[in-house]
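Descriptive analysis of the structure
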Amino acid sequence: NSMTGQSTRTIGTVQPEEQQLPSLVQISLDDDPSMGNKDAKVVVIEFSDFQCLYCRKAYTESLGQLKKDYVETGKILFVYRDYPLSFHPAAMPSAIAAECADDQGKFWEYHDKIFDEQNKQGTGTIDYSNDDLKKWAGEIGMDMATFNQCFDSQKHAQEVNNDFQDGANAGVSGTPTFFINGVKVVGAQPYPVFEQAIEAALKN
């Protein structure tokens, strides 16, 4: 019986820590690209890697629906944070490039473009170059002189590293990892998993 008491106590201590996570995941809204209602009761933070197959899967299979049901209806604020994994050579350059796109107010358009272009090439992990990143920036109508200067100077490398550090501190170990008001959802889960977590957070 004392065993049961012990395990209950353990669960009791694990749970609150789980709930406290957002305090570790510092969000500064001018800093990280976001979409939706800045005053929403529920904040969804995604830590993502542009070359990660599962991040692309989450984008392709769930994010569109999430945007329609929750972002466009003003129920959530969705925040994108960078977590480029070292074994994806294009992840860091992509993260830096996307921050440069954000400077021109085209973050989400570019975010979608990077994933869409990889989808055109197949289902596995896709290799692409810095030249591709520049080409895609041009294709969505960015000011290329500004973009190239930003990208080549690695202007936003520190910001990307800060995101990565914040993610690591919050217990992110792989991508994509989502925090829905601090509740961690790991991986390219089917849409109902996101829906359930968001609905629960909205009721809280």
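Our subject in this report is the structure included herewith. Quick caveat: nothing in here was measured; it's all calculated off a predicted structure.

Pairing in this open sheet of five strands is mixed, and the strands run 1-3-2-4-5 from one edge to the other. Strands with a single pairing partner mark the edges of an open sheet, and in this sheet they are strand 1 (34-36) and strand 5 (183-186). Taking the axes of each pair of neighbouring strands and ignoring which way they run, one obtains an average angle of 20° across the sheet. The pairing of strand 4 (residues 177-180) with strand 5 spans four bridges and is classified as antiparallel. Bridge pairing in strand 5 places Ile 180 opposite Val 183. Across the face of the sheet, helix 8 (residues 191-203) comes into contact with strand 2 (42-48), strand 3 (76-82), strand 4 and strand 5 while running at roughly 25° to strand 4.

A few words on the environment of Lys 120. When you line up the elements, Lys 120 lands in helix 4 (residues 107-120). A relative accessible area of 63% means that Lys 120 is categorised as exposed. Here Glu 117 takes part through its side chain, which lies 3.0 Å from a polar atom of the side chain of Lys 120.

The next subject is the pattern of salt bridges. This structure, assessed with the given rule, holds 10 salt bridges. Between Lys 113 and Glu 117 there is a salt bridge, with its nearest N and O atoms 2.8 Å apart. With a gap of four residues between them, Lys 113 and Glu 117 both fall in helix 4, about one helical turn apart. Where Lys 113 meets Glu 139, a salt bridge forms, and the shortest distance between an N and an O atom there is 2.7 Å. Of this pair, Lys 113 sits in helix 4 while Glu 139 sits in helix 5 (residues 130-139); the two residues are 26 residues apart in sequence, bridging distant segments of the chain. A residue is classified by how much of its surface remains accessible, and Glu 139, at 44% relative accessible area, is partly exposed.

Reading guide: rules and limits
- Residues numbered from 1 in each chain as written.
- Predicted model: local features only at pLDDT ≥ 70, side-chain atom pairs only at ≥ 80, totals over all residues.
- Heavy atoms only, no water.
- Pairing = 2+ DSSP bridges.
- Helix = DSSP H or I, 4+ residues; strand = E, 2+ residues; numbered from the N terminus.
- Axes fitted to C-alpha atoms, helices over the stretch in contact; angles between N-to-C directions.
- Contact = heavy atoms within 4.5 Å.
- Buried < 20%, exposed > 50% of the residue type's maximum accessible area, 1.4 Å probe, protein only.
- Polar contact = N/O pair within 3.5 Å; in protein donor to acceptor, adjacent residues only side chain to side chain.
- Salt bridge = Lys/Arg side-chain N within 4 Å of Asp/Glu carboxyl O.

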